[in-house]
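# Secondary and tertiary structure notes
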Amino acid sequence: PGFEKITGFRGVEGQTLDFLSEPKSAESLYHQLEQARETHDEIRGEFSLRTRKGHLRWLSATISPVPGEGGVVDRFITVAEDITDRRQAIAERERLLDEIARQRDQLHTLLDSLTDEVWFCDAGGNLALANRAAARGLGFETVEEMYQNMDSWLEQLEIYRPGGTPRPKEEAPL
């Protein structure tokens, strides 16, 4: 019943591996099943398959050989979990992380093209982002070098209000 619910195929239709999404997957599984017939070892893995309606589904499965008369394996029992939603969530997470990295790179490119010093602090007052001009203004070649030596220059840093008057350290964001 579970096989039919996931794939749309009746049990007898699933006796071949034609429902697997890629011919190489079916060929590999046929090979593993033949080995399992001889060794009586379980097969564990993730398999993609196409449903009767053509939708891609992913299963995490354990396939166990079942010996019949005389100890010869004549059938297999499969316990499988549909992990399609999990795989889709992982793929979406990876897509979003790639998009964040792309946007971060664009932001760094933009900031580094500015000749003015640019600093950003997080809500806790910690330096979160700075451009190359800010690093050069402190005598560093790179922003990474500036971050690595932050403790040494933060104590000496003076921050000014837009009008040019000094801002007391207790009011400064760093």
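Please read these numbers as outputs of a predicted model, since none were measured by experiment. (Residues numbered from 1 in each chain as written. Predicted model: local features only at pLDDT ≥ 70, side-chain atom pairs only at ≥ 80, totals over all residues. Heavy atoms only, no water.)

## Structural notes on the overall build of the protein
Applied cut-off: Secondary structure elements follow DSSP: runs of H or I of four or more residues count as helices, runs of E of two or more count as strands, with numbering from the N terminus. We call two residues in contact whenever any of their non-hydrogen atoms come within 4.5 Å of each other. In short, Shrake-Rupley with a 1.4 Å probe defines the accessible areas, and a residue's cover is counted only from the protein chains shown.
Of the regular secondary structure elements, the protein holds 6 helices and 7 strands. Taken from N to C terminus, the helices and strands of the protein fall in the order α-α-β-β-β-α-β-β-α-α-α-β-β. A separation of at least 24 residues holds for 27% of the contacts in the protein among residues at least 6 apart in sequence. Just so you have it, the protein exposes about 12,600 Å², and 51% of that area is on carbon and sulfur atoms.

## Re the packing of aromatic side chains
The following threshold applies: Classification of ring pairs rests on two measures: the distance between centres of Phe, Tyr or Trp rings, Trp counted by its six-membered ring, which must be within 6.5 Å, and the angle between planes, read as stacked under 30 degrees, edge-to-face over 60 and tilted in between. We call a charge positioned above a ring when the Lys NZ or Arg CZ atom is no farther than 6 Å from the ring centre and deviates by at most 35 degrees from the ring normal.
Per the stated rule, a full pass over the model turns up 1 aromatic pair. Taking the ring centre of Trp 58 as reference, the NZ or CZ of Arg 87 above it sits at 3.5 Å.

## A look at the confidence of the model for the protein
For clarity, the threshold we go by: Each residue carries a pLDDT score, the predictor's confidence in it, ranging from 0 to 100.
Summary statistics for the protein give a mean pLDDT of 85 and a share of 89% for residues scoring 70 or more. Ranking the elements of the protein by mean pLDDT puts helix H1 (residues 2-7) last, at 73, and helix H3 (residues 84-113) first, at 96.

## Some thoughts on the nonpolar core
Among soluble globular proteins, nonpolar side chains are generally buried collectively. For clarity, the cut-off: For our purposes a nonpolar core is just a set of buried Ala, Val, Leu, Ile, Met, Phe, Trp, Tyr and Cys residues, chained together by side-chain atoms within 4.5 Å. Any residue under 20% of the maximum accessible area for its type is buried, any over 50% is exposed, and the rest in between are partly exposed; the area is computed with a 1.4 Å probe on protein chains only.
Membership of the largest hydrophobic core is limited to 10 residues, which are Leu 127, Ala 130, Ala 134, Ala 135, Phe 140, Val 143, Met 146, Met 150, Trp 153 and Leu 157. For this core, the secondary-structure elements that each account for two or more residues are strand E5 (127-130), helix H4 (132-137), helix H5 (143-148) and helix H6 (150-154). Ranked by size, the runner-up nonpolar core spans 7 residues in total, among them Leu 29, Ile 43, Phe 47 and Ala 61.

## Thoughts on the pattern of salt bridges
Operational definition: We define a salt bridge as a contact between a side-chain nitrogen of Lys or Arg and a carboxyl oxygen of Asp or Glu at a distance within 4 Å.
As enumerated under the stated definition, the model contains 10 salt bridges in all. Salt-bridge contacts for Arg 75 lead to Asp 74; the nearest nitrogen and oxygen are separated by 2.9 Å. Residues Glu 81 and Arg 86 are paired through a salt bridge, measuring 3.3 Å at the closest nitrogen-oxygen approach. Glu 81 sits in the partly exposed class, given a relative accessible area of 44%. Accessibility expressed as a relative area gives 44% for Arg 86, which makes it partly exposed.

## A word on the pairing of strand E3 (residues 73-82)
The condition is simple: Between any two strands, pairing holds if DSSP finds at least two bridges.
As paired elements, strand E2 (residues 56-67) and E3 share 9 bridges and run antiparallel to each other. Among the inter-strand pairings, Pro 65 is bridged to a residue of E3, identified as Phe 76. Two successive antiparallel strands, E2 and E3, enclose a turn made up of 5 residues, where Gly 70 displays a positive phi of approximately 75°.

## Some details on unusual backbone geometry
One non-glycine residue, His 40, lies in positive phi territory at about 65°. Relative to the helices and strands, His 40 resides in the loop between helix H2 (23-39) and strand E1 (43-50). For His 40, a relative accessible area of 37% gives the class partly exposed.

## What about the sheet that holds E1?
Rules: In this description, a line fitted to the C-alpha atoms serves as the axis of each element, helices being fitted only across the stretch in contact, and the angle between N-to-C directions of two axes falls anywhere from 0 to 180 degrees.
Across the sheet, which stays open at both edges, the 3 strands sit in the order E1-E2-E3 with antiparallel pairing between neighbours. Strands at the two margins of the open sheet, each flanked by one partner only, are E1 and E3. Looking at each pair of strands side by side, their axes are set apart by 40° on average, direction ignored. H3 rests against E1, E2 and E3 of the sheet, and its axis sits at about 135° to E2.

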